[in-house]
Amino acid sequence: LSNRTTITMSKFMRLIRTLTNMAVKEPKQLLRLGIYHTRRAHQARTRWLPLVAQAWCSERQTPAHYLLIAPFLGIAACEATNSDEDLLTKEDAELLLNAKRSIQLEKIDQAIECYKSVVRPDSSLSSSQRTVVYMKLGEILYQQHSFEQAYSYYKEAMTLLYDHAQQDPDPSWSKIMVEISLYMANCQLSMGHADEADAGYRWCVQTSQQLLASSDTLTAEERDEYLALAGMSLEEYATFLLTLAEHGPEDMRHQFAEHCVQVASMARHAAQQLSVTCLRTEARCLSTAAMALQILGDADKALLYATEMVELCAREQCPELGVYRAFLHQLQQ
């Protein structure tokens, strides 16, 4: 419901019965599930935003990579421009328009077919337009949980973006590639490829930190962009490490949990450095670290982190406040 997912009443009642049974049989499992999905749902929304401070901390619906890439490609959300380079045939222009209308009417399958048709080898799309359509296909299929297909289209977009980056040294290309790589890593994890996902998250963290370190003269707004990019990468990686700490090989869980606490703390530090107040983001990072500390058996430190998490969330009246308070109560008991 928080993601505005459309479900029937019968499905909704089955979900309620399932959660009720879990609450009776496995209250701790239900609570952990609630915290995990609350955090993931928020992250899924925030990743669509422009990679500035507000991108990591607030909620809007505009895909980030569209806003980032449009100024450099001279296009906006796959629509044709008046330049000769981006001139489309009538057939391809209609396909793009039909895809856009289908999305507005929530006819997602129809939109996917239109986008697939318009990226055929002999289409009139320029390299720039093809890049954005590949990203749009990746986005839609990702939301449909078709992770293998989403990964393949994101990969096609990354190939073209790399070519653009080779021709133009502007670091904005790297920023776009980091965000898309976060989606690709999520796809790899969802397909069961944990090692590949780990490599993807690490690349995003390292690249975003290199971008921040290599930029000597930055405006306050540009600094926030790079910090937000690094923070988002760190937070995604911390969430991945928490998943491994909970469900990975038993002999490695302690190591994953320790690493998770370290990375989550780095993500929170990035949030604290932003020029805007990001209490909700800090609370998310603290919740990840607290859950990892619970796995490590460090109850005192977990309780300390969870207490601060609730205090920060209460100051901003976050929607997750009820779940966070329940988690704190569990630790106190």
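Above this text sits the structure in question.
Residues numbered from 1 in each chain as written. Predicted model: local features only at pLDDT ≥ 70, side-chain atom pairs only at ≥ 80, totals over all residues. Heavy atoms only, no water.

## Overview of the overall build of the chain
Condition: Only DSSP runs of H or I with at least four residues qualify as helices, and only runs of E with at least two residues qualify as strands; both kinds are numbered from the N terminus onward. The rule is simple: take the accessible area with a 1.4 Å probe, protein chains only, and divide by the maximum for that residue type; under 20% is buried, over 50% is exposed, in between is partly exposed. Under the convention used here, a 1.4 Å probe and the Shrake-Rupley method define accessible areas, while residue burial counts only the protein chains that appear.
Summing up its helical and strand segments, the chain has 15 helices and zero strands in all. Here the chain holds 333 residues, and the buried ones make up 50% of them. Roughly 16700 Å² of accessible area belongs to the chain as shown, and the carbon and sulfur atoms make up 51% of that amount.

## Re the packing of aromatic side chains
The line we're drawing: Any Phe, Tyr or Trp ring, taking Trp's six-membered ring, that has another such ring centre within 6.5 Å forms a pair; planes under 30 degrees apart are called stacked, those over 60 apart edge-to-face, and the others tilted. We count a charge as sitting over a ring when the NZ of a lysine or the CZ of an arginine lies within 6 Å of the ring centre and within 35 degrees of the ring normal.
Going through the model one piece at a time under the given rule, you end up with seven aromatic pairs. Relative to F147, the ring of Y142 lies with its centre 5.6 Å away and its plane at 80°, an arrangement referred to as edge-to-face. Both residues of the pair, Y142 and F147, count as buried. Seen in terms of ring centroids, Y154 and Y183 are 5.5 Å apart; in terms of plane orientation they differ by 15°. Their pairing is stacked. One end of the pair, Y154, is in helix 8 (residues 147-167); the other, Y183, is in helix 9 (residues 172-190), with 29 residues separating them in the sequence. One exposure class covers both Y154 and Y183, and it is buried. Through a chain of ring-to-ring contacts, the aromatic side chains of Y142, F147, Y154 and Y183 assemble into a single cluster. Over the aromatic face of Y226 sits the side chain of K175, whose NZ or CZ is 5.2 Å from the ring centroid.

## Structural notes on the nonpolar core
Selection rule: We define the nonpolar core as a collection of buried residues of types Ala, Val, Leu, Ile, Met, Phe, Trp, Tyr and Cys that are connected through side-chain atoms lying within 4.5 Å of one another. Any pair of residues with heavy atoms lying within 4.5 Å of one another is described as a contacting pair.
With 47 residues, the main nonpolar core has Y201, Y237, F240, L241, A306, M309 and F327 as its most contacted residues. In terms of residues, this core owes the most to one element, helix 11 (residues 220-247), which gives ten residues. Once residues within four sequence positions are removed from consideration, A306 is found in contact with A290, F327, L328 and L331. Core analysis: the next-biggest nonpolar cluster, separate from the first, contains 34 residues, L95, Y153, M158 and M184 among them.

## Looking at the environment of N186
Looking at the element boundaries, N186 is found in helix 9. Remark: the alpha-carbon pair of N186 and A197, spanning eleven residues in sequence, is separated by 6.7 Å.

## Here's the deal with helix 5 (residues 90-104)
Put simply, the test is: In a helix, the anticipated span is given by 1.5 Å times the number of residues less one. What the arc covers is the set of directions going from the helix axis to the C-beta atoms.
Here helix 5 spans 21 Å end to end across 15 residues, near enough to the 21 Å set by a 1.5 Å rise per residue. For helix 5, the complete set of buried residues consists of D92, L95, L96, A99 and S102. Seen end-on, helix 5 carries its buried residues on one side only, within an arc spanning 125°. Of the exposed residues in helix 5, the ones pointing more than 90 degrees away from its buried face are K90 and Q104. The inward-facing, buried residues of helix 5 abut helix 6 (108-118) and helix 7 (127-143). A positive backbone phi angle near 60° is found at E106, which sits one or two residues after helix 5.

## Points about the side chain of S123
Locating S123 in the fold gives a position in the loop between helix 6 and helix 7. Since its relative accessible area comes to 11%, S123 is described here as buried. Residues contacting S123, with those up to four places away along its chain left out, are D92, V118 and R130.

## Description of helix 9
Over its 19 residues, helix 9 extends 28 Å from the first C-alpha to the last, a length consistent with the 27 Å expected when each residue adds 1.5 Å. With respect to burial, helix 9 is a largely interior element, 16 of its 19 residues being buried. Directly beyond the C-terminal end of helix 9, a positive phi value near 90° is found at G192.

## Here we look at the environment of Y115
Checked against the element boundaries, Y115 lands in helix 6. Separated by 19 residues in sequence, Y115 and Y134 have C-alpha atoms that sit 8.2 Å apart. Y115 has contacts with L96, A99, K100, I103, V133, K136, L137 and I140, leaving out every residue within four places of it along the chain.

## Topic: the pattern of salt bridges
In plain terms, the rule: Salt bridges, as used here, are contacts in which a Lys or Arg side-chain nitrogen is within 4 Å of a carboxyl oxygen on Asp or Glu.
Taken as a whole and judged by the stated rule, the model has ten salt bridges. Put simply, D198 and R202 hold a salt bridge, and the shortest N to O gap is 2.9 Å. In this pair, D198 and R202 both sit in helix 10 (residues 194-214), four residues apart, roughly one turn of the helix. Ionic pairing is found between E282 and R268, a salt bridge with its closest N-O pair at 3.0 Å. A residue pair is termed long-range when its members are at least 10 positions apart, and E282 in helix 13 (residues 279-296) and R268 in helix 12 (residues 253-273) qualify at 14 residues. Under the relative-accessibility criterion, E282 is labelled buried at 8%. Here the salt bridges do not stand alone but share partners, grouping E91, D92, R120 and D122 into one network.

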